[in-house]
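# Summary of the model geometry
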Amino acid sequence: MYFFKPISDEVRLSQIIFNKHKKTMKLILVSIFACVAAILQAAPGFLPGIGYFISPLATAPILLGSMFSIPFGVMTYLLTIMLLFILQPTELIVFPFTTGLLGLGIGTSFSFFRKRLSVIAVGAILLMSGIMSLLFIFHFPVLGPAVSVSFSVLITGFLLALIYSWFWVEMALIIFKRLKMIKVQ
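Residues numbered from 1 in each chain as written. Predicted model: local features only at pLDDT ≥ 70, side-chain atom pairs only at ≥ 80, totals over all residues. Heavy atoms only, no water.

## Remarks on the side chain of glutamine 15
Operational definition: Comment: elements are numbered from the N terminus, with helices defined as DSSP H or I runs of at least four residues and strands as E runs of at least two. For each residue, the accessible area found with a 1.4 Å probe, counting protein chains only, is set against the maximum for its type, and the residue is called buried under 20%, exposed over 50%, and partly exposed in between. When checking whether two residues touch, look at their non-hydrogen atoms; a contact exists if any pair is within 4.5 Å.
Summarising the element assignment, glutamine 15 is placed in helix 1 (residues 10–20). Note on glutamine 15: relative accessible area 14%, which makes it buried. Beyond its immediate chain neighbours, meaning those up to four positions away, glutamine 15 contacts Met67, Phe68 and Ser111.

## Some remarks on the nonpolar core
The test is simple: Buried Ala, Val, Leu, Ile, Met, Phe, Trp, Tyr and Cys residues that are joined via side-chain atoms within 4.5 Å together make up what is termed a nonpolar core.
Core analysis: the biggest nonpolar cluster contains 26 residues, and Met67, Ile106, Phe110, Val119 and Val169 have the highest contact counts within it. When residues of this core are traced back to their parent elements, those giving at least two are helix 1, helix 2 (23–41), helix 5 (59–68), helix 7 (99–112), helix 8 (116–136) and helix 9 (151–184). Those residues in contact with phenylalanine 110 that lie beyond four places of it in its chain are Ile7, Val11, Arg12, Met67, Val119, Val169, Ala172 and Leu173.

## Describing the packing of helix 5 against helix 7
Just so we agree on the cut-off: Working convention: axes come from line fits to C-alpha atoms, limited for helices to the stretch in contact. Angles between N-to-C directions cover 0 to 180 degrees. Roughly parallel means an angle under 35 degrees; roughly antiparallel means over 145; roughly perpendicular covers 65 to 115; every other angle is labelled oblique. With the far helix as reference, a near helix turned anticlockwise by less than a right angle produces a left-handed crossing, and one turned clockwise produces a right-handed crossing. Ten residues, namely Ala, Val, Leu, Ile, Met, Phe, Trp, Tyr, Cys and Pro, are considered nonpolar, four, namely Asp, Glu, Lys and Arg, are considered charged, and the remaining ones, Gly among them, are considered polar.
Contact geometry for helix 5 and helix 7: axes closest at 7 Å, N-to-C directions at 25 degrees. Classed by the angle they form, the pair helix 5 and helix 7 counts as roughly parallel. In the packing of helix 5 onto helix 7, the handedness of the crossing is right-handed. Together, Thr59, Ile62, Leu63, Ser66 and Met67 of helix 5 and Thr99, Gly100, Leu102, Gly103, Leu104, Ile106, Gly107, Thr108 and Phe110 of helix 7 make up the contact between the two elements. Taken together, the residues of the contact of helix 5 with helix 7 sort by class into 7 nonpolar, 7 polar and no charged.

Note that every value here comes from positions in space, so none of it alone points to a role or purpose.
See below:
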């Protein structure tokens with residue numbers, strides 16, 4: 001079955017190659033990832049309307065950074081939060097609990113798990129726990145002010161989080177295959 005196939009060793013090989021680089025190169029890459037993630041997450045404030053479609057792409061730089069190295073992924077995540085504090089403070093409550101946490105969770109789980117389903121499940125659980133903490137702890141209406149939070153909404157939300165996590169796992173694997181092709185040429 002597709003979900004129980006092991007994920008290829010491309011991620012582990014790229015981690016080995018990443019660890020061979022100098023620390024300066026790693027920090028430059030982390031800062032570039034953080035800048036891109038902050039700009040993408042701040043897009044709704046600068047481009048109302050279309051920016052809401054650009055904002056979910058902020059997951060990609062965090063995901064790639066944590067796929068290369070877990071400590072540098074965490075560094076990218078924290079640096080993006082600091083940059084959002086300067087650029088767009090209104091996005092500061094959403095990013096750490098949704099898109100940033102999803103990217104960090106999926107990227108980190110590539111290091112620990114070999115099956116596609118377990119990587120997808122970790123991403124979905126972290127995304128849903130982030131959304132639930134925004135809803136129930138901070139009372140932030142992340143789903144919108146008109147949506148009442150009920151059990152059926154949470155179950156539907158978890159199913160959507162699974163699909164969204166699956167999308168990002170597949171996108172990460174496609175990006176890694178493209179990076180491998182670029183490196184070979």
